[in-house]
Amino acid sequence: TYETQWKLNLGYAYSAYGKAKGIHFTAYSPLGNNITGQPRIVDSEQVQKIAEEIQADPAQVLIAWILAKGFSVIPKSVTPSRIESNFRECISGKEE
């Protein structure tokens, strides 16, 4: 799961360190632009399924997940419709 991946990467360590030291982190452009050619989390089946279930965009699901982890989010986009969508609140009520 992505929760497991989160715990295995540095994001989890930085989050715990930040909380211990009173440091607040902000995720800038957390949805990525795929310059590495790796699969994007926003395109994953799991995120797509959750988005469909709660009638939200996949990006909204991920932004809500990041916010639920206690981070601020600054999504980056040059597409007006995506910029607008990124500001719409999306709450699933689940920690997925």
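Residues numbered from 1 in each chain as written. Predicted model: local features only at pLDDT ≥ 70, side-chain atom pairs only at ≥ 80, totals over all residues. Heavy atoms only, no water.

Peer 1: Please clarify how the pattern of salt bridges should be interpreted in this entry.
Peer 2: Once the charged atoms of two side chains with opposite charge are near each other, the side chains can pair. Evaluated as defined, the whole model comprises one salt bridge. A salt bridge links Asp43 to Arg40; its shortest N-O distance comes to 2.8 Å. For Asp43, a relative accessible area of 45% translates into the label partly exposed. Residue class for Arg40 comes out partly exposed when judged on its relative accessible area of 31%. (Salt bridge = Lys/Arg side-chain N within 4 Å of Asp/Glu carboxyl O. Buried < 20%, exposed > 50% of the residue type's maximum accessible area, 1.4 Å probe, protein only.)

Peer 1: I would appreciate a short explanation of the nonpolar core in the present structure.
Peer 2: A general trend in soluble globular proteins is that nonpolar side chains are found buried together. Of all hydrophobic cores here, the largest spans nine residues; its members are Leu31, Val42, Val47, Ile50, Ala51, Ala56, Ala59, Val61 and Leu62. Elements that contribute at least two residues to this core include exactly helix H3 (45-53) and helix H4 (58-68). Formed by six residues, the second largest nonpolar core is a distinct cluster that contains Ala27, Ile63, Phe71 and Val73. (Core = buried A, V, L, I, M, F, W, Y, C linked by side-chain atoms within 4.5 Å. Helix = DSSP H or I, 4+ residues; strand = E, 2+ residues; numbered from the N terminus.)

Peer 1: Which parts of the structure should I look at to understand the confidence of the model for the protein?
Peer 2: Do not read the predicted coordinates in detail wherever pLDDT is low. Looking at the protein as a whole, its pLDDT mean stands at 78, while 76% of the residues score no less than 70. Looking at the elements of the protein, mean pLDDT is at its lowest for helix H1 (residues 2-8), recorded as 56, and at its highest for H3, recorded as 93. Throughout residues 92-96 the model reports pLDDT below 50, and contacts reaching past four residues in sequence, or to other chains, amount to six contacts. (pLDDT = per-residue confidence, 0-100. Contact = heavy atoms within 4.5 Å.)

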